[in-house]
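Read off the chains here:
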Amino acid sequence: MPKKTKDSHPCSIRMEKQTFERLNQFCEFSGQSKTTAIERAINFYIDNYDAMMKKAKRDEGFKL
């Protein structure tokens, strides 16, 4: 049975060599592909940013 492909869009970036080496080590250790690791990291970052902005917006109304 063929693997189902996900709806995706190619993305090419330039990455510092040290960061790329860390990514390779992480992927080897965790058993994740680079694509999976990068997608998870980006989603984690954006989710945390959104939560931080929502909290800041809520806290704005409570200034003394």
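The structure this text deals with has already been given above.
1. Some points on the side chain of Gln32
Step number 1: Residue position: Gln32 is located in the loop between α1 (17-30) and α2 (34-60).
Step number 2: Within polar-contact distance, the side chain of Gln32 engages the side chain of Ser30 at 3.4 Å.
Step number 3: The contacts of Gln32, once residues within four sequence positions are left out, are Phe26, Cys27, Ala37 and Arg40.

2. What to know about the layout of surface pockets
Step number 1: Empty space within the largest pocket amounts to approximately 310 Å³.
Step number 2: The wall of the largest pocket is formed by Lys6, Ser8, His9, Cys11, Ile13, Lys34, Thr35, Ile38, Glu39 and Ile42.
Step number 3: The calculated volume of the second largest pocket comes to roughly 150 Å³.
Step number 4: Lining of the second largest pocket is provided by Met15, Thr19, Arg22, Leu23, Phe26, Ala37, Ile38, Ala41 and Ile42.
Step number 5: The residue inventory of the lining of the second largest pocket, partitioned by class, reads seven nonpolar, one polar and one charged.

3. Focus: α1
Helical geometry: 3.6 residues make up each α-helical turn, so side chains three or four residues apart lie on a common side.
Step number 1: With 14 residues, α1 ought to run about 20 Å at 1.5 Å a step, and its terminal C-alpha atoms sit 20 Å apart, in line with that.
Step number 2: Following α1 by one or two positions, Gly31 adopts a phi angle in the positive range, close to 75°.

4. Some points on the state of the cysteines
Step number 1: Tallying each qualifying case throughout the model produces zero disulfides.
Step number 2: Among the cysteines around Cys11, which has no disulfide bond, Cys27 carries the closest sulfur, lying 15 Å off.
Step number 3: Cys11 gets classed as exposed once you look at its relative accessible area, which sits at 70%.
Step number 4: Residue classification places Cys27 among the buried positions, given a relative accessible area of 8%.

5. Here we look at the pattern of salt bridges
Two side chains carrying opposite charge are able to pair once their charged atoms lie near each other.
Step number 1: Here the structure, examined in full by the defined rule, presents two salt bridges.
Step number 2: Between Lys6 and Glu39 there is a salt bridge, with its nearest N and O atoms 2.8 Å apart. Of the two residues, Lys6 sits in the segment before α1 while Glu39 sits in helix α2, which places them 33 residues apart along the sequence.
Step number 3: Note on Lys6: relative accessible area 49%, which makes it partly exposed.

About the cut-offs
- Residues numbered from 1 in each chain as written.
- Predicted model: local features only at pLDDT ≥ 70, side-chain atom pairs only at ≥ 80, totals over all residues.
- Heavy atoms only, no water.
- Helix = DSSP H or I, 4+ residues; strand = E, 2+ residues; numbered from the N terminus.
- Polar contact = N/O pair within 3.5 Å; in protein donor to acceptor, adjacent residues only side chain to side chain.
- Contact = heavy atoms within 4.5 Å.
- 1 Å grid on protein atoms, 1.4 Å probe; cavity = no way out; pocket = protein on both sides within 12 Å on 5 of 7 lines; lining within 4 Å.
- Points joined across faces, edges and corners; volume = space filled by probe spheres on them.
- Nonpolar A, V, L, I, M, F, W, Y, C, P; charged D, E, K, R; others polar.
- Expected span 1.5 Å × (residues − 1).
- Disulfide = S-S within 2.5 Å.
- Buried < 20%, exposed > 50% of the residue type's maximum accessible area, 1.4 Å probe, protein only.
- Salt bridge = Lys/Arg side-chain N within 4 Å of Asp/Glu carboxyl O.

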